[in-house]
There are 4 protein chains.
Amino acid sequence: MYSTLKKHTYILLDPSEGGSFWDKLIDGFIISLILLNVIAVIFETVDSLFLAYGSLFKAFEIFSVCFFTLEYVLRVWTCTYIDKFKHPVTGRLRYIFSFGSLIDLLAIVPFYLPLSTIYDFRFVRVFRLIRFLRVFKLGRYLNATRIISNVFKSKKEELVLCLVITLTLIVVASSLMYFVEHDAQPDKFSSIPETMWWSVTTLTTVGYGDVFPITGLGRILTACISILGIGMFALPAGILASGFSAEFQKLKKEKNTCPHCGKELTNKE
Amino acid sequence: MYSTLKKHTYILLDPSEGGSFWDKLIDGFIISLILLNVIAVIFETVDSLFLAYGSLFKAFEIFSVCFFTLEYVLRVWTCTYIDKFKHPVTGRLRYIFSFGSLIDLLAIVPFYLPLSTIYDFRFVRVFRLIRFLRVFKLGRYLNATRIISNVFKSKKEELVLCLVITLTLIVVASSLMYFVEHDAQPDKFSSIPETMWWSVTTLTTVGYGDVFPITGLGRILTACISILGIGMFALPAGILASGFSAEFQKLKKEKNTCPHCGKELTNKE
Amino acid sequence: MYSTLKKHTYILLDPSEGGSFWDKLIDGFIISLILLNVIAVIFETVDSLFLAYGSLFKAFEIFSVCFFTLEYVLRVWTCTYIDKFKHPVTGRLRYIFSFGSLIDLLAIVPFYLPLSTIYDFRFVRVFRLIRFLRVFKLGRYLNATRIISNVFKSKKEELVLCLVITLTLIVVASSLMYFVEHDAQPDKFSSIPETMWWSVTTLTTVGYGDVFPITGLGRILTACISILGIGMFALPAGILASGFSAEFQKLKKEKNTCPHCGKELTNKE
Amino acid sequence: MYSTLKKHTYILLDPSEGGSFWDKLIDGFIISLILLNVIAVIFETVDSLFLAYGSLFKAFEIFSVCFFTLEYVLRVWTCTYIDKFKHPVTGRLRYIFSFGSLIDLLAIVPFYLPLSTIYDFRFVRVFRLIRFLRVFKLGRYLNATRIISNVFKSKKEELVLCLVITLTLIVVASSLMYFVEHDAQPDKFSSIPETMWWSVTTLTTVGYGDVFPITGLGRILTACISILGIGMFALPAGILASGFSAEFQKLKKEKNTCPHCGKELTNKE
């Protein structure tokens, strides 16, 4: 009976299992509570709203943390239902240290720490939004989520290389710019780490306009960097485009063609 | 005879039907009037032009609204000619509440309301521009319109997921930035909703330069966000690229290859 | 003999014909002179350089215009050598009104007009740069030029539609923004044409930072516009990507496969 | 024995050869020292850090330069081990003037010059970062590096043409803008080279906001330029996307299909 209760609790809490009215109600309630929490964290920071509805925000926070604590305890209790976390002690520990669980824990722990009165950790509740993203693994977005994550997985090395090239470019550009522009604007290009701020805002074409070169050489360098910045956009776009093409072709092939002769099995696409 | 008149009126008003001189004249007149209306709305707001030609703008507005009202009434009257809106009452109601008709209604209604003297609703006439876009469904752009809308339809879920990831990133980045930068610039990063303005202008690489971080940690966070911003450009570009590739290949296949053996039927491409 | 002289002159002037030492010398000289002219036009506008080397600039201008006038006259004289412009009168007239010839004429005419002393038309010489681009139609860039122009030709309608959507978005966004932000910043959002300046700098993610909304609604609208701005980058990128893929596949197929069975003729790629 | 020592030294220094404990230790040490050098160059420029740890930075610089000088000498000595640089004199000279060796030399030479006391050349050590990039040619990123460099090689001509079109656009836009905006803002659009700064920041959508047009015509020109700027992003993105697609398809084909009948040899992808 104890085991049946655990199984039922597990199915109730897991959005990907069970399809009864209560399953859907609990799942919907958890998702709504996550979204409401995020909205509460966001609007709590608006002084006028906090002054007017401070006690309401506080009450909602206490309720949420209580609910999420209960949910967390139940999840840790029932996780042994999954084969991966079967062992009552080591399985549970591995569950606790899984990425999803740590985010769940992170969202409730600051509330219980005396620290939270000294320093403000309420904003960690926003990380629950990452859990909200997991909702897309279900239902009609399952396919899209799988395609996007497959593309990122299959092109991971190329994308990491893009990032390394970008970072190298930022370091080299900052060093050059520092020695070119330091004398003309010693306050804005005061050191290489300071100049990196300029490199980042230029290479990503954000261009706030708080730091920009005024010397001729500095401007020529900026021209080179920002034209290379175009390449930094084109490179990952090209990699992802080819990744998506390959992924969609694979999906289509799986559906439509015979693996032996390559001929289409149906005419509809 | 009443039915024939209705049919002729319908054909006269519908740009996709009829090819006689009068059909083309009426269609061209409606399209020109839409464009002139948009131009009028735009230039009416320039004070110097309004002072000089105010009565002309007014006269043109009265004329346009009269014409579009007549057109609207005739369309509602003749819509029963289409099978979809066949029923004189429910069909007409369904026609009135269709997207295109509501835009037509929205563009003429403010003129008749006393409200328009209190608050200015003339700008809703700009929405007629959306109707102007429907012109591209005809003629030589029909194919291009169909391809673009097909790609958006087939990749809808991936694009929605992109949007959700972007919004999540904006919320998470704003929350982090608020707690990092609030103490240094309490006036600019006064609350999370306020900080979202910074997130949006940074992630989309617009970078107006009215809000930017000044602390070291805030700048490192900005660097991460704006490099992720590159990804936010690359992701939809990649998805759409693969969508267009698939769409054009499908079109080519339909034209050139035998659906059974996959061999080309003609050599020309 | 007259005809032989004409033929030799034609071959000397046309960069795509003839391969003798003198052909290459003349072609190289014309290209160098075009580039030097562009450089002269650019640096003439720098006051300090113009004061120091004004007479040199003037002398170079006189020399260039004389040379280009001679070249233009010789080209008009020899153009009848080409079949397309065979007729001595109508052929020559058609040659004169061809795009390339008009640019050549435009670059020398301002010098002879008394107007040039009143208003400054020297900058039209910069348009010779367009003629310089034609150099890429030759030699090793011929293939690349053909591919890029083929892609633009084959995807012309989709790209035009992109442009129309962009312009519509600019008009609609400007109208909405004007009515949202006009009261808060009457000097910056003074009229819809004025607001279009904001739309353009936001949608293209340039973001100079001279005009930006300060009201909450205006900022939400900006967020929507700039996220749509990402789409405005992704759409043409996707269209061109699929265009290039199709173009390169076509090139590969032409080289490597039998048009009847689709099998590869060589293993090398 | 002399030859064996040379061989062992060569293998010890070359990261792509040898797999013993000492090989990996030396390679890891060199890579760490390069990264530490880059970090030192970056943080040396922060005044507060330099004041506090100046002697430490100096000591580390002396140690690094000694080590890299020793490494350089050993590399020049052992380079004859490679067939390409076999000849003791001409081979060594060719090795010294290879790209990688020149960067190595550039990073140590300023230290020995009396010049370095007059003018600061320490920043050239940052170029060692380029050597760090070569690390990616090894191990798990080898494939990704090869794909990216193959794509750039195969699409080199198209990308060069993109760059030429971009530069032409910058020159033409600057010339037009100078003649349009010079009278309104003689200090900001003082000459065409000065106006090029505006062109670059606009076309690359950086938009610092230090220079922007204020006249109506200037703004219309900016709108055209920045919409063309979207194309300047889409063009290389499209070229690279098709390049990556072709490259990945080639890789897949090499693995999975028979080169004679085009049928798949295995079903797994």
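Let me begin by describing the structure that accompanies this report. (Residues numbered from 1 in each chain as written. Chains lettered and ligands numbered in written order. Predicted model: local features only at pLDDT ≥ 70, side-chain atom pairs only at ≥ 80, totals over all residues. Heavy atoms only, no water.)

### With respect to the overall build of chain A
Counting its secondary structure elements, chain A contains eleven helices and zero strands. Looking at chain A residue by residue over its 269 residues, the buried ones come to 48%. When the accessible surface of chain A is totalled, it reaches about 13500 Å², and 70% of it is carbon and sulfur. (Helix = DSSP H or I, 4+ residues; strand = E, 2+ residues; numbered from the N terminus. Buried < 20%, exposed > 50% of the residue type's maximum accessible area, 1.4 Å probe, protein only. Areas by Shrake-Rupley, 256 points an atom, 1.4 Å probe, with all protein chains shown as cover.)

### Some words on the interface of chain C and chain D
Much of the literature gives interface size as the accessible area that the parts lose upon coming together. Facing 48 residues of chain C, the contacting portion of chain D comprises 49 residues. When chain C packs against chain D, the two sides together hide about 4300 Å² of surface, and 73% of this comes from carbon and sulfur. At the surface where chain C touches chain D, the tally comes to one salt bridge. The closest approach of N and O atoms between Arg219(D) and Glu194(C), which form a salt bridge, is 3.2 Å. Contributing elements (two or more residues each) for the side of chain C that touches chain D: helix H2 (21-44), helix H7 (128-133), helix H8 (142-154), helix H9 (156-181), helix H10 (192-203) and helix H11 (216-256) of chain C. In terms of residue count, the dominant contributor to the side of chain C that touches chain D is H11(C) (eleven residues). (Contact = heavy atoms within 4.5 Å. Buried area = accessible area lost by both parts, 1.4 Å probe. Salt bridge = Lys/Arg side-chain N within 4 Å of Asp/Glu carboxyl O.)

### Quick notes on empty space enclosed by the protein
Where empty space is left in the structure can be found by rolling a water-sized probe over the atoms. Inspection of every chain in the model, using the stated rule, returns seven cavities of 30 Å³ or more. Quantified by volume, the largest cavity comes out at close to 110 Å³. The wall of the largest cavity is formed by 13 residues, among which Phe233(A), Ala237(A), Phe233(B), Phe233(C) and Phe233(D) lie closest to the centre. Elements represented by at least two residues in the lining of the largest cavity include exactly helix H11 (216-256) of chain A, helix H11 (216-256) of chain B, H11 of chain C together with helix H11 (216-256) of chain D. (1 Å grid on protein atoms, 1.4 Å probe; cavity = no way out; pocket = protein on both sides within 12 Å on 5 of 7 lines; lining within 4 Å. Points joined across faces, edges and corners; volume = space filled by probe spheres on them.)

### Concerning the packing of aromatic side chains
For the structure shown, the criterion picks out 49 aromatic pairs over all chains. Between Phe212(A) and Tyr208(D), the ring centres sit 5.8 Å apart and the planes meet at 40°, which makes this aromatic pair tilted. Remark: Tyr208(D) occurs in the loop between helix H10 (192-203) and H11 and Phe212(A) occurs in the loop between helix H10 (192-203) and H11; the pair is interchain, linking two chains. Tyr208(D) matches Phe212(A) in its accessibility class, with the two residues each being buried. Site record: aromatic cluster; members linked through ring pairs are Phe233(A), Phe233(B), Phe233(C) and Phe233(D). Across the ring face of Phe212(C), the terminal group of Lys188(C) is positioned such that the distance to the ring centre comes to 5.9 Å. (Phe/Tyr/Trp six-rings, centres within 6.5 Å; stacked < 30°, edge-to-face > 60°. Lys NZ or Arg CZ within 6 Å of the ring centre and 35° of its normal.)

### Overview of a nonpolar patch on the surface
Residue and element names in this part refer to chain A. A cluster of nonpolar side chains, namely Leu12, Phe21, Trp22 and Leu25, defines an oily patch on the protein surface of about 440 Å² accessible area. When residues in the nonpolar patch are grouped by element, the largest group, three residues, is from helix H2 (residues 21-44). With respect to the helices and strands, the residue Leu12 is situated in helix H1 (residues 2-13). Given a relative accessible area of 30%, Leu12 falls into the partly exposed group. (Patch = residues over 30% accessible without salt bridge, like charges linked within 9 Å, V, L, I, M, F, W, Y side chains within 5 Å.)

### What about the relation of the copies chain C and chain D?
After a rotation of 90° and a shift along the axis of 0.0 Å, chain C superposes on chain D with an RMSD of 0.1 Å. Here the two chains are linked by the operation of a four-fold rotation axis. (Least-squares fit on C-alpha atoms with pLDDT ≥ 70 in both.)

### Quick notes on the pattern of salt bridges
Residues and elements named next belong to chain A. Considering all chains together, one arrives at nine salt bridges over all chains under this definition. For Arg75, the salt bridge is made with Glu71, and the minimal N-O distance between the two is 2.7 Å. Placement of the pair is Arg75 and Glu71 together in helix H3 (residues 47-78), with a separation of four residues, close to one helical turn. Neither Arg75 nor Glu71 differs from the other in exposure class; each is buried.

### Points about unusual backbone geometry
Even without a glycine there, the phi angle at Thr205(B) is positive, about 60°. Within the fold, Thr205(B) resides in the loop between helix H10 (192-203) and H11.

### Focus: the interface of chain A and chain B
Facing 47 residues of chain A, the contacting portion of chain B comprises 49 residues. Carbon and sulfur atoms make up 73% of the area that chain A and chain B hide from each other, which totals about 4300 Å². Linking chain A to chain B there are one salt bridge. At the boundary of chain A with chain B, the tally comes to four residue pairs in polar contact (both at pLDDT 80 or more). Broken down by secondary-structure element, the contributors of at least two residues to the side of chain A that touches chain B are H2, helix H7 (128-133), helix H8 (142-154), helix H9 (156-181), H10 and H11 of chain A. Broken down by element, the side of chain A that touches chain B gets its largest block of residues, ten residues, from H11(A). A breakdown of the residues in the side of chain A that touches chain B according to their chemical character gives 32 nonpolar, eight polar and seven charged. (Polar contact = N/O pair within 3.5 Å; in protein donor to acceptor, adjacent residues only side chain to side chain. Nonpolar A, V, L, I, M, F, W, Y, C, P; charged D, E, K, R; others polar.)

In short, geometric facts, not functional conclusions.
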